[in-house]
Amino acid sequence: MTTDLFLFARGEREVSPARPEALLVERICQGDDEAFSEFYRMFAPMVHGIVLARVSRNDVDDIIQEVFISAYKNFDSLRDKNAVGGWLAMIARNRATEFFRQSKPTEELAEDVGRTGSSHARAHEILSAIRTCPDAYREPLVMRLVEGMTGPEIAERTGLTPESVRVNLHRGMKLLREKLGIGVK
Amino acid sequence: MMNDEYLWNKSGSDTEIEELENALKAYRYQEMIEPCTPMRAVSFAEKRSSSIWPFGFALAFASAVVFSLSAVWFLLPAGAPTLTDAAVSSVPIQSLPLADVPGIESTTAIEISRPETRREFVKTRQAPRTKTSPVRVVAKTFSKKHPQVQLTAEEKYAYDQLMLALSITSSKLKIVKDTVGQIDKPDTAIERYR
């Protein structure tokens, strides 16, 4: 740490190479529409997971669109292009929280609400349990269990360190098992 | 016992986590069409803003032209010499018996007189004047049965002036209309934008 500060003060610290998403952002700023489509495909599952962890499924698609449009308008204000994943995740969290505050409290029902023991009812039950977990746990859990992303992928997209993602996944999974009564004998 | 490695990078297997994954698969992100970026919609805003103001300016210009022509027409002095004075002065002065004019119930004749100033410009042979009594014309006696009325020389002159003013006004309006039509052409607007 001390060495880093010393080298940074002398201007000799190596600049980290541009990541693929940073190159995409550069192309978007130059007006490349194809780059924006690629960027969308790369980060849409992450944004979907973050939003789904907070709001009901019916509103998720609209919020995703808003998040990407907001990001598109503000790409110029992004200083470190390598940190675009964390920046986009923050926009998604803010949008979802804002929507959650403005919307009236509703109870999301499963599509086959009348039938007990069906797969949709079970999925709804699991997702509701995940949503009751703390913020730090619910996002990695949704990305891992719903979106099917691995731990390293979650860390890469969100800009978090792999260690913190791993810890949050482990603790979140443990909490979810308790809530769902899995493994309790 | 939970398999941490499977939870982290899907290596190995864990039946409980796999069951959760399969159940939650219904909520997984499905590919959507990416949002339309704002720069694709810029041309629509430009086109809308440019179509209202030129039309308003053209309308105001047309109104101003019509108003000024009308003002010139009404403010011109009656005795001022014009190009049509010669034509008017060449018409011999004559008295028309009102009995010949359809729709006028009177037996007296109409005396037509010109201003004295006109005689300085055109000298023509004139018919001797006949002294007549003042004319009393009742407007309400114009009946709808005789729409075509024979005009006197002064009325004919006024009618020609009115037609001239209307033709000038219509030509000006046509110029304005062509200008507005050229501005509102979409191709022109797009070219201008580019």
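Calculation notes
Residues numbered from 1 in each chain as written. Chains lettered and ligands numbered in written order. Predicted model: local features only at pLDDT ≥ 70, side-chain atom pairs only at ≥ 80, totals over all residues. Heavy atoms only, no water. Helix = DSSP H or I, 4+ residues; strand = E, 2+ residues; numbered from the N terminus. Areas by Shrake-Rupley, 256 points an atom, 1.4 Å probe, with all protein chains shown as cover. Phe/Tyr/Trp six-rings, centres within 6.5 Å; stacked < 30°, edge-to-face > 60°. Buried < 20%, exposed > 50% of the residue type's maximum accessible area, 1.4 Å probe, protein only. Contact = heavy atoms within 4.5 Å. Buried area = accessible area lost by both parts, 1.4 Å probe. Salt bridge = Lys/Arg side-chain N within 4 Å of Asp/Glu carboxyl O. Polar contact = N/O pair within 3.5 Å; in protein donor to acceptor, adjacent residues only side chain to side chain. Nonpolar A, V, L, I, M, F, W, Y, C, P; charged D, E, K, R; others polar. Core = buried A, V, L, I, M, F, W, Y, C linked by side-chain atoms within 4.5 Å. Axes fitted to C-alpha atoms, helices over the stretch in contact; angles between N-to-C directions. Parallel < 35°, antiparallel > 145°, perpendicular 65-115°, else oblique. Left-handed = near helix turned anticlockwise from the far one by under 90°.

K.L.:
Explain the overall build of chain A here, please?
P.N.:
Broken down by element type, chain A carries nine helices and zero strands. Written out in order from the N terminus, the α and β elements of chain A read α-α-α-α-α-α-α-α-α. As displayed, chain A has an accessible area near 10300 Å², and 51% of this comes from carbon and sulfur atoms.

K.L.:
What am I meant to see in the packing of aromatic side chains here?
P.N.:
The description of an aromatic ring pair rests on the distance of the ring centres and on the angle between the ring planes. Residue and element names in this part refer to chain A. In total, this model carries six aromatic pairs over all chains according to the counting rule given. On the numbers, 5.4 Å between centres and 85° between planes, the contact of Phe39 with Phe75 is edge-to-face. Linking Phe39 in helix α3 (residues 33-52) with Phe75 in the loop between α4 (57-73) and α5 (84-102), this pair joins segments that are 36 residues apart in sequence. In this structure, Phe39 and Phe75 share a single accessibility class: buried. Summarising the aromatic geometry, the rings of Phe75 and Trp87 are spaced 5.6 Å apart at their centres and angled 40° between planes, so their arrangement reads as tilted. Here Phe75 is found in the loop between α4 and α5, whereas its partner Trp87 is found in helix α5, with 12 residues between them in sequence.

K.L.:
Can you walk me through the interface of chain A and chain B in this structure?
P.N.:
Size of an interface, as often reported, equals the accessible area lost when the parts are brought together. Contacts between the two partners involve 44 residues from chain A and, on the opposite side, 28 residues from chain B. When residues of chain A are sorted by the area they lose upon contact with chain B, A:Arg144, A:Leu145 and A:Arg166 head the list and together hold 17% of the total. The interface formed by chain A and chain B contains four salt bridges. Note that A:Arg144 is salt-bridged to B:Glu21, the shortest N-O span being 2.5 Å. Linking chain A to chain B there are 11 residue pairs in polar contact (both at pLDDT 80 or more). Counted by class, the side of chain A that touches chain B contains 23 nonpolar, 11 polar and 10 charged residues.

K.L.:
I keep staring at the nonpolar core and nothing clicks. Help me out?
P.N.:
In summary, soluble globular proteins display a tendency toward joint burial of nonpolar side chains. Counting residues in hydrophobic clusters, the biggest one holds 63 residues, and the most contacted among them are A:Phe39, A:Val47, A:Phe68, A:Phe75, A:Leu88, A:Leu145 and B:Leu24. Beyond its immediate stretch of four places on either side in the chain, A:Phe39 contacts A:Leu24, A:Val25, A:Ile28, A:Phe68, A:Phe75, A:Val84 and A:Leu88.

K.L.:
Just checking my understanding: could you explain the packing of α4(A) against α5(A) for this structure?
P.N.:
A pair of packed helices is characterised by two quantities: the angle between their axes and the separation of those axes. Residue and element names in this part refer to chain A. α5 packs onto α4 with a crossing angle of 130° between their chain directions and a minimal axis gap of 10 Å. By the criterion of interaxial angle, the relationship of α4 to α5 is oblique. In the packing of α4 onto α5, the handedness of the crossing is right-handed. Contacts from Asp59, Ile63, Glu66, Val67, Phe68, Ser70 and Ala71 of α4 reach α5 at Trp87, Leu88, Ile91, Ala92, Arg95, Ala96 and Phe99. Class assignment of the residues belonging to the contact of α4 with α5 gives a composition of 10 nonpolar, one polar and three charged.

K.L.:
Would you mind showing me how to read the environment of A:Asp76 here?
P.N.:
Residues and elements named next belong to chain A. One can find Asp76 in the loop between α4 and α5. A relative accessible area of 66% places Asp76 in the exposed class. Taking C-alpha positions, Asp76 is 9.4 Å from Glu26, a pair spaced 50 residues apart along the chain.

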